[in-house]
Structures are given as C-alpha cells and as structure tokens.
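Tertiary structure, described
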Amino acid sequence: MGENAAPGLISELKLAVPWGHIAAKAWGSLQGPPVLCLHGWLDNANSFDRLIPLLPQDFYYVAMDFGGHGLSSHYRPGVPYYHQTFVSEIRRVVAALKWNQFSILGHSFGGIVGGMFSCIFPEMVNKLILLDSPLLLLESNEVENLLTYKQRAIEHMLQVEASQEPSRVYSLKQLLQSTSSAGSCMRIPSGSCRPMSCS
C-alpha cells in the first residue's frame, strides 16, 4: 500500500477468477461483521476511500472492483458486461472470502447489482444499504422461480469451474522439443492448438 492509502485501510486483495483477478480493499476489524461495498458504474473501490473511515470501525468492510473496473482484470474480448455477470462476481468474491452471511453497501449501479444478489441469495444477505440506487420492485408469480433458476445457474457454473483441471498451455519451444525428442507426433488435446500435419 502506498503513502496515499485511504485512512484505516488494512489490506489490498487480489482474488483469483477465471479471467484474471478481482481487486479489493479492506478496512476495519477482521473479527467484525462483514460488509461488501459495491461501487457505481465507471467507478471503482476507491469511491469508498473517504466514506469508510467515517463509518463504525467495528465492522470489516471490503470494497471490490467489479471486473473491468479499477484494478480488476477486464473480461476477455467479446464477453459482455451484464448485470447477471456482476452478480456472479459477488458470489465468487464472498466464496473466496469464506463469507456465509454479510451486508451489502451499494452505490448507484453497485446498489442495483447488490439488490439483484440479495434477491437471488437472500439467505446470505443480512442488510442491504443503497446509496443513490433505485428501489427494487419485484412483482409476479414467476419471480420466485426465476430467482431460484438464477441461483442454481450461478452455483452450477462455479461448481463446474472448480471441478475442471486447468488448461495446459504449451510454448512453441516445448512443442518442438517434445516432437523432436519423441521422433513422432505429439498428441495434444483438441482446443489446445490448431491442428497441423505431421511429416
């Protein structure tokens, strides 16, 4: 942390995700009730630098940078930034932090995404605090089914990712060494590289 760090900041975090990492900042007491702070669109975790020191310090505040914001990795080219994707990011972050229950402090867009998370995972959220965010009004007999579906989809995606072995990546040098030392073609799983003829 540099000399310009926010007052009371205790750590800066990098949480691994499939496309890189989610950056976050933490303040307060590690033993305190956890609060996840979500920034607005085109903003980042630094938007909480001046607010958090004014709040009670017996809580543990973590402000995350959504993917593509602040110090977090951008998504791969062609992957859109959807609300649902940001909801999944929250689920990834709280899993990495090993939080079963926590409160959300969301500003603007962060409040919208935090509200969506609260609807999909209500058992995980103690309190939802919205700053400059519209209220979420949900009406319909289908809402419960939709939320259950979204929750299961997110949980399934995380389980599949956790069960997969990391992709093997071969450098050109490794490929050439293994084919020349073996004297024949090397078998590489499909999708690892483009097929070429071996002669």
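Description of the structure in this document.

Rules behind the numbers
Residues numbered from 1 in each chain as written. Predicted model: local features only at pLDDT ≥ 70, side-chain atom pairs only at ≥ 80, totals over all residues. Heavy atoms only, no water. Phe/Tyr/Trp six-rings, centres within 6.5 Å; stacked < 30°, edge-to-face > 60°. Helix = DSSP H or I, 4+ residues; strand = E, 2+ residues; numbered from the N terminus. Buried < 20%, exposed > 50% of the residue type's maximum accessible area, 1.4 Å probe, protein only. Lys NZ or Arg CZ within 6 Å of the ring centre and 35° of its normal. Expected span 1.5 Å × (residues − 1). Contact = heavy atoms within 4.5 Å. Polar contact = N/O pair within 3.5 Å; in protein donor to acceptor, adjacent residues only side chain to side chain. Salt bridge = Lys/Arg side-chain N within 4 Å of Asp/Glu carboxyl O. Axes fitted to C-alpha atoms, helices over the stretch in contact; angles between N-to-C directions. Parallel < 35°, antiparallel > 145°, perpendicular 65-115°, else oblique. Nonpolar A, V, L, I, M, F, W, Y, C, P; charged D, E, K, R; others polar.

So, the packing of aromatic side chains
Applying the stated criterion across every chain yields a total of 14 aromatic pairs. Measuring from ring centre to ring centre gives 5.1 Å for tryptophan 19 and tyrosine 75, while their planes differ by 80°; the resulting arrangement is edge-to-face. Of this pair, tryptophan 19 sits in the loop between strand S1 (9–17) and strand S2 (20–28) while tyrosine 75 sits in the loop between strand S4 (60–64) and helix H1 (83–96), and the two are 56 residues apart along the sequence. The exposure class of tyrosine 75 is buried, given its relative accessible area of 8%. Ring geometry for phenylalanine 102 and phenylalanine 117: centres 5.8 Å apart, planes at 50°, overall tilted. Residue phenylalanine 102 is located in strand S5 (residues 102–107), and its partner phenylalanine 117 is located in helix H2 (residues 109–120); the two are separated by 15 residues in the primary sequence. The pair phenylalanine 102 / phenylalanine 117 is uniform in exposure class, with both members buried. Taken together through their ring pairs, the aromatic side chains of Trp19, Trp41, Phe66, Tyr75, Tyr81, Phe86 and Phe109 make up a single cluster. The cationic tip of arginine 91 hangs over the ring face of phenylalanine 121; the distance from NZ or CZ to the ring centre is 5.6 Å.

Concerning H2
Three- or four-residue spacings in an α-helix give side chains the same orientation, since the helix completes a turn every 3.6 residues. With 12 residues, H2 should reach 16 Å at 1.5 Å per residue; the first-to-last C-alpha distance of 17 Å fits that figure. Judged by how many residues are buried, H2 sits mostly within the fold: nine of 12 residues are covered.

Structural notes on the environment of lysine 25
Take lysine 25: it is sitting in strand S2. Sequence separation between lysine 25 and alanine 45 is 20 residues; the distance between their C-alpha atoms is 7.0 Å. Setting aside chain neighbours within four positions, we find lysine 25 in contact with Leu9, Ser11, Glu12, Ala45, Asn46, Asp49, Tyr61, Val62 and Ala63. Polar contacts involving the side chain of lysine 25 include one to the side chain of aspartate 49, which spans 2.7 Å.

Focus: the pattern of salt bridges
With the rule as written, the count across this model stands at three salt bridges. Residue glutamate 155 pairs with arginine 91 through a salt bridge whose shortest N-O separation is 2.9 Å. Residue glutamate 155 is found in helix H3 (residues 143–163), and its partner arginine 91 is found in helix H1; the two are separated by 64 residues along the sequence. Residue classification places glutamate 155 among the partly exposed positions, given a relative accessible area of 23%. With its nearest N and O atoms 2.5 Å apart, the salt bridge here joins arginine 92 to glutamate 161. Within this pair, whereas arginine 92 is found in helix H1, its partner glutamate 161 is found in helix H3, the two being separated by 69 residues in sequence. On the basis of relative accessible area, arginine 92 is assigned to the buried category, the value being 12%.

Some details on the packing of H1 against H2
As a packed pair, H1 and H2 sit with axes 9 Å apart at the nearest point and diverge in direction by 70°. The orientation of H1 relative to H2 falls into the category roughly perpendicular. Across the interface between the two elements, His83, Gln84, Phe86, Val87, Ile90, Arg91 and Val94 from H1 touch Phe109, Ile112, Val113, Gly114, Met116, Phe117 and Ile120 from H2. Of the residues contributing to the contact of H1 with H2, the split by class is 10 nonpolar, three polar and one charged.

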